[in-house]
Amino acid sequence: MNDSAPRLEVAIVEGIDKIPRAAWDALLAPDDSPFVEWDWLYAMEHSGSAARSTGWAPYHLVVRELRRKRIVAAAPLYLKTHSMGEFVFDHGWADAAERAGIGYFPKILVGVPFTPHTGRRFLTAPGADRAGLINLLGLALTSICEDNQLSSVHVNFCRPDEAAALAPIGFMERLGYQYHWHNAGFATFDDYLTRLKHKRRTAVRHERAAMEEQGIHIRVVAGEEIPDRMFPEMYRIYCSTIEKLYWGRRYLTEEFFDLIGKSFKRNMVFIGAYAGRELIAGAVNLAKAGVMYGRYWGCLREVRFLHFNVCYYAGIEHSILSLIQRYEPGAGGEYKWLRGFDPALTRSIHYVSNPDLKRAVAGFLKHERHEVERWIVAGKERSQLKPPPPSDAEIE
């Protein structure tokens, strides 16, 4: 920083509750996701969902102006003792490190718990020197890593400017992909169906019709329209999926659902499937700034095609009616791709302290990058959406 710039300090704060809510949220941009808002992170930590006891010890970074004590930048940071709930999979790296006698855990994660969405991981005040502050936070992260003899720093699902700013100080970029649905100016669900290729369009109509044939109706409620009773119901729905999976792990607690019901309705979108008046399945989504994020799904009764209707078709229809421009339903892919969700690039950045492990990871990332880029091109070429019709200007 030059002599005329304000003097800054970087601090580690254990727990979001020790950072003033207004100071943290003042760093948010209008298009930041709901997952970096103070209320969401507080619910995660205060409920014991993302806490030391679950391997997510919160140690957030903040940058303050020394004279005014104003927070001008921050990053959600967790000291991790495992790699679960991150969706950028480094299990192979951890195994290789252990085989080489290199302790991999604990490690540093900059990101949001249990949420594979792309967004800003380094929050900076409006009008601040964003590139300089990202660099400062990056240097602080490498110092924390080295000084405490930690294996690595991982910044998951970050923005391109963040990856670019940290590359010169030793961070390595990793590419990945998800499947996103984009609203191509659709006015109705039928407009979306028209854009699907014939085989897929026929399949979607068949799967939608199966709900009525089986006596199931689907309802979407959002924001303050969500009744309080739905939050414990959705917790039960969430638990139903975890209990069915051999590898399932219940991170979210009942208190988490209670807290977001009290402080976070504004961004919630619940999709419920009903047999008569009985809720038998549902999906927990969030929406903000023209984007809807699919998070958790579960069912209490197995019904043919229920998952596709609750998690995809109802979400698409709600997005169209609510003028939502992008729908990110989470990790995984093939089922989404068949229904008009096309591959979208994701990125993360990683700092590895051990030179031998760093060389091995760098070689892996180089090979993986080519595979990811190839798959994204191929996935878009094989899209189940037909190209849009030419505009009048193009015809002329």
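Structural notes, computed from the coordinates. (Residues numbered from 1 in each chain as written. Predicted model: local features only at pLDDT ≥ 70, side-chain atom pairs only at ≥ 80, totals over all residues. Heavy atoms only, no water.)

## A short note on the overall build of the protein
1) Next: Of regular secondary structure, the protein possesses 13 helices and 15 strands.
2) Next: Taking 21 Å as the expected radius of gyration for a compact globule of 396 residues, we find that the protein reaches 22 Å, a close match to that expectation.
3) Next: Its C-alpha atoms give the protein principal-axis dimensions of roughly 65 × 50 × 50 Å.
4) Next: By residue count, 55% of the 396 residues in the protein fall in the buried class.
5) Next: Look at the contacts in the protein between residues 6 or more apart in sequence, and 76% of them connect residues 24 or more apart.
6) Next: Accessible surface, the protein: about 18,200 Å² in total, of which carbon and sulfur atoms supply 54%.
7) Next: One way to put it: in the protein the 50 positive side-chain charges average out to a point 2 Å from where the 48 negative ones average out. (Helix = DSSP H or I, 4+ residues; strand = E, 2+ residues; numbered from the N terminus. Rg over C-alpha atoms; globule rule 2.2 N^0.38 Å. Buried < 20%, exposed > 50% of the residue type's maximum accessible area, 1.4 Å probe, protein only. Contact = heavy atoms within 4.5 Å. Areas by Shrake-Rupley, 256 points an atom, 1.4 Å probe, with all protein chains shown as cover. Lys, Arg positive; Asp, Glu negative; His and termini not counted. Charge placed at Lys NZ, Arg CZ, Asp CG, Glu CD.)

## Quick look at the sheet that holds strand E6 (residues 107-110)
For sheets, the rule is that strands pair by backbone hydrogen bonds, running either parallel or antiparallel.
1) Next: An order of E2-E5-E6-E8-E15-E9-E14-E13-E12-E11-E10 is seen for the 11 strands of this open sheet, with the pairing classed as mixed. The sheet is open, and its two edges are formed by strand E2 (56-58) and strand E10 (216-222), each paired on a single side. Neighbour to neighbour, the strand axes of the sheet diverge by 30° on average, direction disregarded.
2) Next: Pairing of strand E13 (residues 291-299) with strand E14 (residues 326-328), which is carried by three bridges, proceeds in the parallel orientation. Paired with Tyr 293 across the two strands is Glu 328, which belongs to E14. (Pairing = 2+ DSSP bridges. Axes fitted to C-alpha atoms, helices over the stretch in contact; angles between N-to-C directions.)

## A closer look at the packing of aromatic side chains
1) Next: Enumeration over the complete set of coordinates arrives at 28 aromatic pairs.
2) Next: Between Phe 189 and Tyr 313 the ring centres are 6.4 Å apart and the planes differ by 75°, which places this aromatic pair in the edge-to-face class. One end of the pair, Phe 189, is in helix H6 (residues 189-195); the other, Tyr 313, is in helix H10 (residues 306-321), with 124 residues separating them in the sequence. Each of the two residues, Phe 189 as well as Tyr 313, counts as buried.
3) Next: Pairwise contacts between aromatic rings join Phe 35, Trp 40, Tyr 235, Tyr 238, Phe 256, Phe 257, Phe 264, Tyr 293 and Tyr 296 into one cluster.
4) Next: Above the face of the Trp 56 ring, Lys 80 is positioned so that its terminal group lies 3.9 Å from the ring centre.
5) Next: Of note, Arg 339 hangs over the ring of Phe 308, and the distance from its end group to the ring centre comes to 3.8 Å. (Phe/Tyr/Trp six-rings, centres within 6.5 Å; stacked < 30°, edge-to-face > 60°. Lys NZ or Arg CZ within 6 Å of the ring centre and 35° of its normal.)

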